[in-house]
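Chain and residue survey
Listed below are the residues making up each chain.
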There are 2 protein chains.
Amino acid sequence: MGPSFVAGRSLFYGRVSLALNFPRNYTKISVQGINPNMRKLEYAVRGPIVQRAIQIEKDLLKGEKKPFNSIIKCNIGDCQVAGQTPISFIRQVIAVACDTHLMDSSAIPSDAKERAMRFLRSVGGSVGAYSQSTGVEVVREDIAAYIEQRDGIPASPENIFLATGASEAVKFILGLVATTKGGSQRAGVMIPIPQYPLYSATLSEFNNYQIGYYLEEESGWSLREEELEKRLTEAKAHCEPRVLVVINPGNPTGQVLTRDNIAAVLRFAHRNNLLVLADEVYQHNIYAPDRDFHSFKSVLHDLGGNIATEVQLASMMSASKGFMGECGFRGGYCELVNFDPEVRAQLYKCLSARLCPPVLGQWCLIIALLMPLKLAMDVVVNPPRPGEPSYEQFCAEKSQVLSDLAKKAKLVESLFNQLPGYHCQPVMGAMYAFPRLELPPKAMRAAELANMPADTFYVTKLLEDTGVCVVPGSGFSQKPGTFHFRTTILPKVDQMHVMMERLGHFHLDFLKTYS
Amino acid sequence: MGPSFVAGRSLFYGRVSLALNFPRNYTKISVQGINPNMRKLEYAVRGPIVQRAIQIEKDLLKGEKKPFNSIIKCNIGDCQVAGQTPISFIRQVIAVACDTHLMDSSAIPSDAKERAMRFLRSVGGSVGAYSQSTGVEVVREDIAAYIEQRDGIPASPENIFLATGASEAVKFILGLVATTKGGSQRAGVMIPIPQYPLYSATLSEFNNYQIGYYLEEESGWSLREEELEKRLTEAKAHCEPRVLVVINPGNPTGQVLTRDNIAAVLRFAHRNNLLVLADEVYQHNIYAPDRDFHSFKSVLHDLGGNIATEVQLASMMSASKGFMGECGFRGGYCELVNFDPEVRAQLYKCLSARLCPPVLGQWCLIIALLMPLKLAMDVVVNPPRPGEPSYEQFCAEKSQVLSDLAKKAKLVESLFNQLPGYHCQPVMGAMYAFPRLELPPKAMRAAELANMPADTFYVTKLLEDTGVCVVPGSGFSQKPGTFHFRTTILPKVDQMHVMMERLGHFHLDFLKTYS
């Protein structure tokens, strides 16, 4: 504010007002002054270790000397950066939908052009238009068809909404149940420990009360009903429990739940009046030969009776995982089961204020989705059909991606378990291993001196010495006194071998140093 | 829960526990049980009138007879659905970035291929990868370059973050300043009345206190400092004022602020310790020959002294508006000025939990942005340069879009003002007209009987009788006792004539009926 203006105002208001109206100094908002829910939010997958890795990568580019020549990023499920090749058909459909002049080009196969035409008709002719807030109608219809094929039970487009990645859908559901009240009236949300940190971050954001339940590592990260009961009982004094989050296949833990286990969880939710948020984004990533993916919706249906018609379920799916791995498109969906229609209407009203999710992300999600694993080909709508020009290439690319992942899942498990002090449960599904580390007492003391959790200490040294970037277990939460890290299984097979070799040497040196 | 299990548990816990543990009936979450902030959220641009229009459109498709053969949607700034043609160059770059096999095709011009190559290098080779949470680095660099050209003062990529449309950026800023406290400690946010309902909706979501300040309709929706002072003083008993939102060019009101007016607003913000949120998404949509776009950042800079280095400013821009109109890509950015670096770090941490905005949306935003209006061509980075193959077509398409809009801005203003009872201020910028209606007393009584605000009554009848869909003023808020509606100026020129003709006939009939 200019001095002349001060004078003007003080003259106008007279002496008494002068004191009252005299401008305070302008004070910027400080960290102490921001929304406390945002201050306490943490998200380890992109935390300090990852920031450091980005810095080292820049240093390497600048020609700085390091004991390694590249960063191997195993911190995030970012499939294509790790070398996974996009499915050509998805990209061809999107390219011609974006630039419709390519309809005349022989570079795009005819079946891709057909799919693009169908989509363009449904969005008023341009991918640059807003869609409905819940998503493009034909995309929701296709998703309903996909779910019907997967589960063998009806699905309605009215119960499906699209989102900017499954993450946004999770935020809307956890926001919807927040109570805005304090103390014991806060909404309680049960989440697995270890968990994907989106959950703890979102609970912070909405000031929900976190009820952690431990997965049992020794039995392959299984989900025990007794544990759920125990943690819920403990939490009742502190909150109003409203939601149970289950991640299946597990992130960061890689387990795949059995049908019986899911049934027990749903009965528990019914008994305790909980809405179930089923994070099923890895439903195509199953590697264990003795496990299948069972959706919460299908198990709920088969339970029958009141449970089947009462338990509220929100199931999430994403274009970022599976064989698609199209993270950058930000396509995700959520199916609502047994929601009060008025509550659904309120939720959809809230979606409308953010207009719509990215249109290409919506489309990306469904171009290839309608050919899930192990399903008959003749009923699919969108992926190439037998006889169509893109069919063979599509199948070849898809099975290449999934068989490579299965190979690497086996590889990391077995190599980790050969290292002294490593304990790695089977990687049945998803894209991660979460080995437990037994570290020598001297290492524990060194970590303490460095003022770090022992796993952070370990993975920091791993990064600095070898360029391998993984996320410490403390970022996902874990049983007190145990130490883990999460690594993706995404780098290409040969890179994965390099990574395991660097890690193996590092570990043996580490043990030598600290024994 | 199965009966056998009940029995098992009751035996185990004994008689006393039986009563305590006996399952309640499962109760679904009701509307009364959801997050009250989400319950009170309203967003008129996609409200009931629009839902009704979608229904009528479906009825028409089914062959139902109506007094009109099409819905003309003037409810939302959805450029391409209204007929605006996408800029070919943007789409070509995106197509070849999605399907890199097109690098070998003659269907894509060489300059588009070059831009795609540069982008692909910056995202690890695939648009399917996650970007940094704040956005792709080269995109942020390009945006900084754009801002430097626009304002002639430095901009840093560190102060820029990308978002899923400008809407998401607005939500992050208004979330950041929320206090989570009740009563007079709630964060107060000043917003114009009329306003774009994203603001009131987001304030509901974060339980911020809304401080509405009226724009002065008679003087072309100008922003008066006395009004700001008055409303702020009134509000101080009810909240802790933290933010001043200004929309320039105005939505729904279409005014363009003068440099002096912006300076006065910034001095007011400085005096009162307010962060300024400048919604500048229509910065390319200026039609009044005597007005230029002045960014808040450049005016702030020119004020000099403490003001220039102290006032916190967040400025929003979008790929959805301007000559691009790429709404479906959901690309937006926010530039932070004078933020405490620690606060900025907290904000960026929160961005990381949603991983990243859609990668193509980020790219879309910048492909054409570096050729803003009235700027020299030789300094631009991304749009085609003179001599490049796409240059002429790019310029022709861009000026076609902007000159059509200018023509329609003039057209609606003059036609509205020919109708008895209509008062329409000049449409200086943005994409909307917001005429005021004087309705006869008989119409006011009929609206009252129908239990609707008079403008809702009017636009509902307009939709049912003519198929023209506009949004009632009550959805944007307005001075008590005044009635308006917002119409876009987006339909093609000939459609715009049809729309104005239908509306004119309707209005004269309406006056006859209610006089």
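Residues numbered from 1 in each chain as written. Chains lettered and ligands numbered in written order. Predicted model: local features only at pLDDT ≥ 70, side-chain atom pairs only at ≥ 80, totals over all residues. Heavy atoms only, no water.

1. Points about the overall build of chain A
From N to C terminus, chain A includes 18 helices and 14 strands. Over its C-alpha atoms, taken along the principal directions, chain A stretches across nearly 90 × 65 × 55 Å. Counting the 515 residues in chain A, one finds 64% classified as buried. Counted over contacts in chain A with a minimum sequence separation of 6, partners at least 24 positions apart contribute 71%. In the structure as shown, chain A presents an accessible area of about 18800 Å², 53% of it carried by carbon and sulfur atoms. In chain A, 53 side chains carry a positive charge and 51 a negative one; their mean positions are 8 Å apart. (Helix = DSSP H or I, 4+ residues; strand = E, 2+ residues; numbered from the N terminus. Buried < 20%, exposed > 50% of the residue type's maximum accessible area, 1.4 Å probe, protein only. Contact = heavy atoms within 4.5 Å. Areas by Shrake-Rupley, 256 points an atom, 1.4 Å probe, with all protein chains shown as cover. Lys, Arg positive; Asp, Glu negative; His and termini not counted. Charge placed at Lys NZ, Arg CZ, Asp CG, Glu CD.)

2. Regarding the relation of the copies chain A and chain B
After a rotation of 180 degrees and a shift along the axis of 0.0 Å, chain A superposes on chain B with an RMSD of 0.0 Å. What we have between these two chains is a two-fold relation. Among all C-alpha atoms of chain A, that of A:Ala95 lies closest to the rotation axis, at 2.0 Å. The fraction of interface residues of chain A whose copies in chain B are also interface residues reaches 99%, indicating that both copies meet through the same surface. (Least-squares fit on C-alpha atoms with pLDDT ≥ 70 in both.)

3. A short note on the confidence of the model for chain A
Residue and element names in this part refer to chain A. The pLDDT averaged across chain A works out to 89; a share of 92% of its residues lies at or above 70. Counting interchain partners and residues more than four positions distant, the pLDDT-below-50 stretch residues 1-22 has 14 contacts. The low-confidence segment residues 371-381, where pLDDT is below 50, has 27 contacts with residues more than four positions distant or belonging to other chains. Across the assembled chains, the prediction reports ipTM 0.88 with pTM 0.90. (pLDDT = per-residue confidence, 0-100.)

4. Thoughts on the state of the cysteines
Tallied over the full model, the rule gives zero disulfides over all chains. The thiol of A:Cys74 is not disulfide-bonded; the next cysteine sulfur, from A:Cys469, is found 7.8 Å away. In this model B:Cys350 remains outside any disulfide bridge; the closest cysteine sulfur is found in B:Cys334, 14 Å from its own. The class of B:Cys350 is buried, set by a relative accessible area of 4%. (Disulfide = S-S within 2.5 Å.)

5. What about the interface of chain A and chain B?
Each side of the interface is counted separately: chain A has 107 residues, and chain B has 107 residues. Put simply, chain A and chain B have two salt bridges between them. In this structure, A:Lys58 engages B:Glu137 in a salt bridge whose closest nitrogen and oxygen atoms are separated by 3.5 Å. Where chain A touches chain B, the interface holds 48 residue pairs in polar contact (both at pLDDT 80 or more). (Salt bridge = Lys/Arg side-chain N within 4 Å of Asp/Glu carboxyl O. Polar contact = N/O pair within 3.5 Å; in protein donor to acceptor, adjacent residues only side chain to side chain.)

6. Let's talk about the domain arrangement of chain A
Accessible area lost when the parts come together is the quantity often used to give the size of an interface. All names here are of chain A. According to the domain assignment, chain A contains domain 1 (40-82 + 401-514) and domain 2 (161-350). Contact residues are listed per partner, giving 36 residues for domain 1 and 39 residues for domain 2. Between domain 1 and domain 2, the buried area comes to about 2900 Å², and carbon and sulfur atoms account for 59% of it. Area buried by domain 1 at its contact with domain 2 is led by Gln425, Met428 and Ala430, which between them contribute 23% of it. (Domains from an automatic or database assignment. Buried area = accessible area lost by both parts, 1.4 Å probe.)

7. Points about the sheet that holds strand S10 (residues 432-433) of chain B
Residues and elements named next belong to chain B. Pairing is antiparallel in the open sheet, where three strands are placed in the order S10-S14-S13. Two strands lie at the open edges of the sheet, namely S10 and strand S13 (471-472), each paired on one side alone. Relative to strand S14 (residues 485-488), S13 runs antiparallel, the two sharing two bridges. Considered in S14, the bridge of Pro472 is made with Phe485. (Pairing = 2+ DSSP bridges.)

8. Quick notes on helix H6 (residues 137-151) of chain A
Residue and element names in this part refer to chain A. With 15 residues, H6 extends 21 Å from end C-alpha to end C-alpha; this agrees with the ideal 21 Å at 1.5 Å per step. Most of H6 sits inside the fold, with eleven of its 15 residues counted as buried. Residues of H6 that are buried include every one of Val138, Val139, Arg140, Asp142, Ile143, Ala144, Tyr146, Ile147, Gln149, Arg150 and Asp151, and no others. Packing partners of the buried residues in H6 comprise helix H5 (110-122), strand S2 (160-164), helix H11 (296-303), strand S7 (313-318), strand S8 (331-337) and helix H14 (359-367). Gly152 lies just past H6 and shows a positive phi near 70 degrees. (Expected span 1.5 Å × (residues − 1).)

9. A short note on the packing of helix H15 (residues 391-418) of chain A against helix H18 (residues 493-513) of chain A
The description of two helices packed together rests on the angle between their axes and the distance between the axes. All names here are of chain A. It is the contact of H15 with H18, at a shortest axis distance of 11 Å, that shows an interaxial angle of 10 degrees. Here H15 lies roughly parallel to H18, going by the angle between them. For the element pair H15 and H18, the recorded crossing hand is right-handed. Between H15 and H18, the contacting residues are Asp404, Lys408, Leu411, Val412, Leu415 and Phe416 on the first element and Val493, Met496, His497, Met500 and Leu503 on the second. Of the residues that constitute the contact of H15 with H18, the class distribution is eight nonpolar, one polar and two charged. (Axes fitted to C-alpha atoms, helices over the stretch in contact; angles between N-to-C directions. Parallel < 35°, antiparallel > 145°, perpendicular 65-115°, else oblique. Left-handed = near helix turned anticlockwise from the far one by under 90°. Nonpolar A, V, L, I, M, F, W, Y, C, P; charged D, E, K, R; others polar.)

10. With respect to the pattern of salt bridges
All names here are of chain B. In this structure the tally under the stated criterion is 48 salt bridges over all chains. In this structure, the salt-bridge partner of Arg354 is Glu168, at a minimum N-O distance of 3.0 Å. Note that Arg354 is positioned in the loop between helix H13 (341-352) and helix H14 (359-367) and Glu168 in helix H7 (residues 165-176), a separation of 186 residues in sequence. The two residues Arg354 and Glu168 agree in class, both being buried. The residue Asp404 makes a salt bridge to Lys407 at a minimum N-O spacing of 3.8 Å.

11. Side note on unusual backbone geometry
Residues and elements named next belong to chain A. Across the junction of Ile193 and Pro194, the peptide omega takes the value 5 degrees, indicating a cis bond. Among the secondary structure elements, Pro194 is positioned in the loop between strand S3 (187-193) and helix H8 (198-206). Residue Pro252 is reached from Asn251 by a cis peptide bond, and omega for that bond is 15 degrees. Structurally, Pro252 can be placed in the loop between strand S5 (240-247) and helix H10 (259-271). You will see that Arg330, though not glycine, has its phi angle at about 55 degrees, which is positive. Checked against the element boundaries, Arg330 lands in the loop between S7 and S8. For Arg330, a relative accessible area of 1% gives the class buried. Positive phi values are uncommon outside glycine, yet Ala430 reaches one of about 60 degrees. With relative accessibility at 0%, the residue Ala430 sits in the buried group.

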